[in-house]
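# Residue-level structural notes
Chain by chain, the residues run as shown.
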Amino acid sequence: MGALWHGFADMGAVEREGAFVVARGDGAYIWDRDDNRYLDATGGLWFTNVGHGRREIADAVAAQLSTLAHYSNFGDLTAPVTQELAQRLSEIAPVPGSKILFTSGGSDSVDTAAKLVRRYWQELGRPEKTLLIGRRLAYHGMHVAGTALGGIPVNREGYGELMPDARTVEWNEAEALRALIEAVGANRIAAFFCEPIIGAGGVYLPPEGYLTEVRRLCREHDILFVADEVVTGFGRIGGSWFASTRFGLEPDLMTTAKGLTSGYLPMGAVFAAPRVAEPFFAGGVWFRHGYTYGGHAGAAAAAMANLDILEREHLLDASKNLESLLHEHFSPLSAHPRVAEVRSGLGAVAAVQLADPTEGPAMVKALRAQGVSGRAAGQGALQISPSFVITEQQVADMAASFERALG
Ligand code: PLP
């Protein structure tokens, strides 16, 4: 019996059956402790955008850590690499001139945004605007506000009321948002939180026109629009840095993590559009919030090296190419009797939805037996979110392994 308590796990089952121990990675492959090789279908937890085993990132981190690991990002303190990274992110932001608040991961980013939207309205003399709206099936991390905003009921069970003034609307109907605004009044609503693609909830692509319409509704009713791009950011959507750029969403706040460092070190960032940042930059106002490791110098060095690779190797184009490749190779699986549907065709993400969601764990094991490391998200949705360096041959091999595992 090990001492480790895994996240999101039935620990009794892990103790009975043993852990799947991943020992190393290279490109789109990982190896277990016994040196068996697997295609990494999920890119870790959606984050290895540049692939595993990048020496360049490890070297950049080593150089930074031996110069200065970290100091502080509070008050007037920071480090050169943290300033450079913020500048670089501001330049690729969906809203020009955005300010960057660094965090240690996606849940930090979401809870930072949840606090910041309320503080923003306070600052503008509208303290009654406290209500936060999320969507059914949404996943916004596991801190308190993010858990309350999430739309996967089992993730909220057992904690009592986590946050007052959190509401959920249907994930795919702009009309549901409009109806809630009408029912409670826009004067009560601080922000709407929106994953451009529902990720952990099961990989659901936005219906045509949905994102544009909810963005329009928020603008019309003076509700802040928060794009949660923890999964979709840094190229996952294909062809652009962010889904918000591709869909012209101009989010008031954007939460990110994962692909910012491709998971080489934990780091997240909240992008605040000038409208939201301005009251806090005018002088005499504090946002009393921050994390010890926000803007960590070593993590910032990892992010800089990661962005270098994404640019130099044109990996946003590779991700766009994967959009059609994944669709081409995986959509035929929708004919399989065990499969309800295949969701694909937007970004380097797809899902094979099992007809019987309870078969998820067994399918993950069957995939491993076929040399693929996978995961069942949502209700039996086999997640596909590989690194952007995966080749067409590897995509074809992965789809063939899925087919054999289904058989
Ligand atoms: N937001 C979204 C959309 C996510 O998918 C996740 C994690 O999967 C998070 C927030 C939380 O990120 P983290 O696990 O880094 O705290």
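Before going into details, it helps to say that this report is about the structure given with it. Computed from a predicted model, the values in this text were never measured in an experiment. (Residues numbered from 1 in each chain as written. Predicted model: local features only at pLDDT ≥ 70, side-chain atom pairs only at ≥ 80, totals over all residues. Heavy atoms only, no water.)

## Details of the site of the ligand
- Around the ligand lies a shell formed by G105, G106, S107, Y139, H140, G141, E195, D228, V230, V231 and K258.
- Note that an oxygen atom of the ligand is positioned 2.9 Å from one of the backbone N or O atoms of G106.
- Within the side chain of D228, one N or O atom sits 2.8 Å away from a nitrogen atom of the ligand.
- When the ligand is considered free in solution it has 390 Å² of accessible area, and contact with the protein chains removes 81% of it.
- A per-class count over the shell around the ligand returns three nonpolar, five polar and three charged. (Near = heavy atom within 4 Å. Polar contact = N/O pair within 3.5 Å; in protein donor to acceptor, adjacent residues only side chain to side chain. Areas by Shrake-Rupley, 256 points an atom, 1.4 Å probe, with all protein chains shown as cover. Nonpolar A, V, L, I, M, F, W, Y, C, P; charged D, E, K, R; others polar.)

## Observations concerning the sheet that holds strand β12 (residues 350-354)
- Strand order in this open sheet of four strands is β11-β12-β15-β14, and the pairing throughout is antiparallel. Looking at which strands have only one partner, the edges of the open sheet turn out to be β11 (339-343) and β14 (376-377). (Pairing = 2+ DSSP bridges. Helix = DSSP H or I, 4+ residues; strand = E, 2+ residues; numbered from the N terminus.)

## Some words on a nonpolar patch on the surface
- Where nonpolar side chains cluster on the molecular surface, the patch consists of L68, Y71 and L77 and spans about 290 Å² of accessible area.
- Position of L77 among the secondary structure elements: in the loop between α3 (55-67) and α4 (80-92). (Patch = residues over 30% accessible without salt bridge, like charges linked within 9 Å, V, L, I, M, F, W, Y side chains within 5 Å. Salt bridge = Lys/Arg side-chain N within 4 Å of Asp/Glu carboxyl O.)

## Digging into the packing of helix α5 (residues 106-123) against helix α11 (residues 274-281)
- Closest axis-to-axis distance for the α5/α11 pair is 10 Å, and the angle between their directions is 60°. Of the two elements, α5 crosses α11, and the hand of that crossing is left-handed. Facing α5, whose interface residues are L116, R119, Y120, W121 and E123, α11 presents R275, V276, P279 and F280.
- Taken together, the residues that form the contact of α5 with α11 break down as six nonpolar, no polar and three charged. (Axes fitted to C-alpha atoms, helices over the stretch in contact; angles between N-to-C directions. Left-handed = near helix turned anticlockwise from the far one by under 90°. Contact = heavy atoms within 4.5 Å.)

These figures capture arrangement, not role.
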